[in-house]
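Read off the chains here:
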Amino acid sequence: MIPYQPFIISTILLMAIGLGCLMVRRDMIRLLMGIEILFNAANLNFIALSAQVEGFVDPLAQSVVMMAIVLDGAVIAVGLAMTLNVYRHYRTVDVRRLRRLRW
Amino acid sequence: MVADWPLNQALQLPAPLSILLIGALATPFIGLLGERLGVRRLREIWVALVSSSTLICVYLLEQLRARPDGILLITPWGQPPPSGSCFEVDALSIFMVWSVAFLGLLVAIYSFSYMERIGRLNEYYTLLLFMMAGMTGVAMAGDFFTLFVFWEMMSLSSYVLVAFMKERWAPIEAGFKYLLMSATAGAFLLLSMSFIYGMTGTLNFAQLSAGLRGAPPTPWLIVLFSCLIVGFGVKSAIVPLHTWLPDAHPEAPSPISAMLSGIVIETGLYGLTRVLYLIFTPDLFHIPLSALAVLTMTMANIWALLQRDIKRLLAYSSIAQMGYMLIGVASGTSYGVMGTFLHVFNHSLMKGLAFLASGSIVHEAETRDIESLRGVGRMMPISTLTLFISLLGLGGVPSTNGFVSKFILFNSAILVGAPWLAVAGVLNSAFSMAYYLRVMKALISRPEAGLRVREAPTLMVSVTVVMAVFILLLGVWPEPALKYASEASRALVEGIQNYIRAVVF
């Protein structure tokens with residue numbers, strides 16, 4: 001049994017950091033890192049909440065987190081492939097240059 | 001405990017799902033085999049076979065369910081629920097899977113001749129089948145874990161399919177935007193899952209519903225509610241979260257646009273509806289969802305009016321249709337939800353047809369600008385006629401199926417005591433005709449000199465004709481669709497105890 005309050009607080013902080021990263025950063029690879037932080041915040045919350053009963057850690061949450069790590073790795077891989085293609089077209093990974101699609 | 005469980009239940013995915021997964025995995029090998037042996041269209045025959053047998057399997061599953069309120073509990077991993085993950089198939093799941101399989105078959109057949117020019121067909125069909133499998137899994141999921149896995153499967157294949165034509169810059173840019181927003185939404189979905197897990201100690205839909213439904217709203221429930229709205233709302237393009245859609249849908253190849261607008265965003269709505277009705281009572285989410293519905297349809301219609309690009313216009317129109325569907329969800333009655341899901345099915349036909357028919361036109365005329373398409377309709381009469389039928393259906397003209405479902409939706413808003421919702425819906429429908437009529441006028445006005453366009457290939461035209469016939473048929477004789485939709489909505493709203501009892505005794 002571990003106290004969950006510090007973990008909830010750090011989850012919220014990590015969510016804020018991830019969202020801030022998505023809003024402020026211009027580098028596409030850093031944006032993908034922001035997504036990674038968001039996913040990991042949720043994973044941390046899962047793991048913290050799985051150990052709330054004395055002497056018992058729920059395997060359900062652990063398996064969900066394992067699966068979530070895999071899925072989010074796949075998403076990041078697709079994102080990196082797209083970044084590569086963007087670099088081929090625009091010769092930059094700065095998202096401010098990706099402005100041709102509007103309205 | 002595990003030994004008591006019947007052995008034949010183990011390692012058995014629901015039939016449509018396993019057919020789609022195996023079909024998707026085998027597609028590249030079949031394609032390579034066809035190329036090596038020199039058999040033309042072996043891959044296409046395989047894909048048609050897989051998607052049509054999916055449709056048959058959905059029918060068989062429906063027969064297996066036997067009663068209108070029957071529920072199939074499928075536990076592929078041998079662990080009984082609620083601890084093991086499971087598929088719980090009720091009338092609503094069947095209804096969604098039915099729509100997915102139906103549109104998927106038509107889109108696959110349309111792609112046979114549309115995608116010939118683009119190439120990389122092995123990848124294309126594999127991803128298309130995986131996307132269908134993802135949606136099927138989401139619709140049948142009996143717990144959050146299964147839902148999340150298939151949700152990400154659907155999302156991943158749709159990211160790649162949006163950016164499929166990677167030789168051009170626009171699909172890549174749209175795809176990246178889509179990936180960023182949708183992956184953020186996925187993280188919020190995971191966060192809301194962790195909150196639900198923290199509150200109830202389970203992810204099984206039935207058990208968490210038994211634990212949470214009807215609880216007085218605490219701050220954590222409000223946090224959960226907003227995380228769920230963000231998590232599902234990005235995929236279903238509710239207005240403040242819609243900005244990826246008008247970029248991603250037009251830039252995808254036309255059959256994929258039809259699939260994305262026709263059923264993928266509705267799968268988001270399905271997830272939202274299912275989870276909201278399981279966790280909350282309707283009086284909690286009535287006000288926020290009604291506000292979102294009005295915002296969604298009004299803003300999307302205004303933006304659609306400003307478009308010059310025909311596929312972008314249709315994409316904004318999809319957002320507006322999402323607003324109409326939200327009216328039914330917000331109403332909280334089974335009548336309103338029936339309208340929502342009938343509109344989901346009808347919209348999958350109408351918007352699917354609109355994107356496919358405009359895809360034929362864009363394919364031949366090689367421009368998406370409405371002004372440059374002036375007069376093209378006179379040279380492609382059948383595609384244009386089917387496009388007109390779908391646009392009239394989207395506007396809600398009587399004798400098309402769009403009228404029936406919109407009528408039910410607006411009626412449900414009045415019955416639940418929110419006439420302002422119905423007024424907003426009717427005004428928006430009338431407003432939306434403005435831009436549909438603009439497209440029609442451009443297509444049939446006098447062509448400019450020197451414009452040469454031929455009618456699209458026969459296969460593409462015949463798919464659009466079949467869909468147009470369905471739209472008119474279900475407009476004048478809506479009983480079969482109404483029957484299934486009303487069973488589906490009753491399973492969701494009134495049969496919720498039944499859904500819970502299938503797992504928690």
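Student: Report on the overall build of chain A, specifying residues and quantitative values.
Tutor: Secondary structure summary: chain A contains three helices and zero strands in total. Listing the helices and strands of chain A from first to last along the sequence gives α-α-α. Here the C-alpha radius of gyration of chain A, 17 Å, is well above what a compact globule of 103 residues would show, namely 13 Å. With the C-alpha coordinates of chain A rotated into their principal frame, the extents come out at 55 × 25 × 20 Å. Taking the intrachain contacts of chain A between residues at least 6 apart in sequence as the baseline, contacts between residues at least 24 apart amount to 57%. Accessible surface for chain A amounts to roughly 5,800 Å². Of this, 66% is attributable to carbon and sulfur atoms.

Student: Now, about the side chain of B:R65: what can you tell me, with residues and values included?
Tutor: Residue and element names in this part refer to chain B. Here R65 is to be found in helix 2 (residues 42–65). What makes R65 buried here is its relative accessible area of 4%. Those residues in contact with R65 that lie beyond four places of it in its chain are G70, I71, L72, V89, D90, A91, I94 and E487.

Student: Can you lay out the environment of B:N346 for me, pointing to particular residues and giving the numbers?
Tutor: Residue and element names in this part refer to chain B. Looking at where N346 falls in the secondary structure, it is placed in helix 13 (residues 334–365). Residue class for N346 comes out buried when judged on its relative accessible area of 2%. Expressed as a C-alpha distance, the spacing of N346 and E116, which sit 230 residues apart in the sequence, is 29 Å. Not counting residues within four places of it along the chain, the set of residues in contact with N346 comprises N401 and S405. A distance of 3.0 Å separates a polar atom in the side chain of N346 from the backbone oxygen of N401.

Student: Describe the packing of aromatic side chains, with residues and values.
Tutor: Residues and elements named next belong to chain B. This model, assessed by the stated rule, comprises 21 aromatic pairs over all chains. Aromatic side chains Y110 and Y114 sit 5.8 Å apart centroid to centroid with 25° between the ring planes, which places their arrangement in the stacked category. Placement of the pair is Y110 and Y114 together in helix 3 (residues 91–114), with a separation of four residues, close to one helical turn. Each member of the pair, Y110 as well as Y114, carries the same accessibility label: buried.

Student: Explain the nonpolar core residue by residue, including any values.
Tutor: Residues and elements named next belong to chain B. Grouped together as the largest cluster of nonpolar side chains are 217 residues, with contacts concentrated most on F144 and I279. The element that contributes the greatest number of residues to this core is helix 6 (residues 169–200), accounting for 17 residues. Leaving out residues up to four positions away in the same chain, I279 has contacts with I196, L208, L212, R213, G214, L221, L224 and L228.

Student: Before we move on, could you go through the confidence of the model for chain B and cite the residues and values that matter?
Tutor: Averaged over all residues, the pLDDT of chain B equals 89, while 98% of them reach at least 70. In the predicted structure, residues 1–8 of chain B sits below a pLDDT of 50 and forms seven contacts with residues beyond four places in sequence or in another chain.

Student: Pulling in residues and values, what's your account of the interface of chain A and chain B?
Tutor: Each partner contributes residues to the interface: chain A has 42 residues there, and chain B has 44 residues. Here chain A and chain B share an interface that buries about 3,700 Å² over both sides, 80% of which is from carbon and sulfur atoms. The interface formed by chain A and chain B holds zero salt bridges in total. Across the chain A-chain B interface, the total number found is four residue pairs in polar contact (both at pLDDT 80 or more). Contributions of two or more residues to the side of chain A that touches chain B are made by helix 1 (5–24), helix 2 (28–49) and helix 3 (59–90) of chain A. Top element by residues in the side of chain A that touches chain B is helix 3 of chain A. It accounts for 17 residues. By residue class, the composition of the side of chain A that touches chain B is 29 nonpolar, nine polar and four charged.

Student: Quick one: what's the story with unusual backbone geometry, residue by residue and with numbers?
Tutor: A negative phi angle is the norm for most residues apart from glycine, just as the trans form is the norm for most peptide bonds. Residues and elements named next belong to chain B. Its identity is not glycine, yet R41 carries a phi of approximately 65°, on the positive side. Phi at E366 is positive, roughly 55°, even though this residue is not glycine. Within the secondary structure layout, E366 lies in the loop between helix 13 and helix 14 (376–379).

Student: Give me helix 7 (residues 205–212) of chain B: which residues, what numbers.
Tutor: Residues and elements named next belong to chain B. Of all the positions in helix 7, only F205, A206, L208, S209 and L212 are classed as buried. The inward-facing, buried residues of helix 7 contact strand 2 (87–89), helix 5 (144–162), helix 6, helix 8 (219–233), helix 10 (254–279) and helix 20 (496–501). Two or three places before A206, at the start of helix 7, stands the capping residue N204, its side-chain oxygen 2.9 Å from that residue's backbone nitrogen. Where helix 7 terminates, the next one or two residues include G214, which has phi positive at roughly 85°.

Student: Tell me about the pattern of salt bridges, and name the residues and values.
Tutor: Any two side chains of opposite charge can pair, given that their charged atoms come close. All names here are of chain B. Taken as a whole and assessed by the stated rule, the structure comprises 13 salt bridges over all chains. With a closest N to O distance of 2.8 Å, R43 and E35 form a salt bridge. Residue class for R43 comes out buried when judged on its relative accessible area of 10%. Three or more residues are tied together by salt bridges with common partners; here these are E35, R43 and E44.

Student: Tell me what's going on with empty space enclosed by the protein, and back it up with residues and numbers.
Tutor: Going through the model one piece at a time under the given rule, you end up with two cavities of 30 Å³ or more. Considering only enclosed or pocket space, the largest cavity measures out at about 40 Å³ in volume. Looking at the largest cavity, the residues that line it are A:L60, B:P82, B:S83, B:G84, B:S85, B:D143, B:L203 and B:N204. Split into classes, the residues belonging to the lining of the largest cavity amount to three nonpolar, four polar and one charged. For the second largest cavity, the calculated volume is near 30 Å³. For the lining of the second largest cavity, the secondary structure elements donating two or more residues are helix 2, helix 3 and helix 19 (479–493) of chain B. Its residues assigned to classes, the lining of the second largest cavity comprises five nonpolar, no polar and three charged.

Student: Give me a nonpolar patch on the surface: which residues, what numbers.
Tutor: Residues and elements named next belong to chain B. Residues I382, V465, V466, V469, F470, L473, V476 and W477 make up a contiguous nonpolar surface patch of about 680 Å² in total accessible area. Among the elements that make up the nonpolar patch, the one with the highest residue count is helix 18 (residues 458–476) (six residues). Tracing the chain through its elements places I382 in helix 15 (residues 381–395).

Student: An account of the state of the cysteines is needed here, citing residue identities and associated values.
Tutor: This structure, assessed with the given rule, holds zero disulfides over all chains. Of all cysteine sulfurs in the structure, the one in A:C21 sits closest to B:C227, which takes part in no disulfide; the separation is 19 Å.

Student: Describe in detail the environment of B:T54, supporting the description with residues and values.
Tutor: All names here are of chain B. Along the chain, T54 turns up in helix 2. Residue classification places T54 among the buried residues on the basis of a relative accessible area of 1%. Sequence spacing of T54 and F102 is 48 residues, and the spatial spacing of their C-alpha atoms is 9.0 Å. Sequence-distant contacts of T54, that is, excluding residues within four places in its chain, are made with P16, I19, L20 and A101.

What counts, and where the lines are drawn
- Residues numbered from 1 in each chain as written.
- Chains lettered and ligands numbered in written order.
- Predicted model: local features only at pLDDT ≥ 70, side-chain atom pairs only at ≥ 80, totals over all residues.
- Heavy atoms only, no water.
- Helix = DSSP H or I, 4+ residues; strand = E, 2+ residues; numbered from the N terminus.
- Rg over C-alpha atoms; globule rule 2.2 N^0.38 Å.
- Contact = heavy atoms within 4.5 Å.
- Areas by Shrake-Rupley, 256 points an atom, 1.4 Å probe, with all protein chains shown as cover.
- Buried < 20%, exposed > 50% of the residue type's maximum accessible area, 1.4 Å probe, protein only.
- Polar contact = N/O pair within 3.5 Å; in protein donor to acceptor, adjacent residues only side chain to side chain.
- Phe/Tyr/Trp six-rings, centres within 6.5 Å; stacked < 30°, edge-to-face > 60°.
- Core = buried A, V, L, I, M, F, W, Y, C linked by side-chain atoms within 4.5 Å.
- pLDDT = per-residue confidence, 0-100.
- Buried area = accessible area lost by both parts, 1.4 Å probe.
- Salt bridge = Lys/Arg side-chain N within 4 Å of Asp/Glu carboxyl O.
- Nonpolar A, V, L, I, M, F, W, Y, C, P; charged D, E, K, R; others polar.
- 1 Å grid on protein atoms, 1.4 Å probe; cavity = no way out; pocket = protein on both sides within 12 Å on 5 of 7 lines; lining within 4 Å.
- Points joined across faces, edges and corners; volume = space filled by probe spheres on them.
- Patch = residues over 30% accessible without salt bridge, like charges linked within 9 Å, V, L, I, M, F, W, Y side chains within 5 Å.
- Disulfide = S-S within 2.5 Å.

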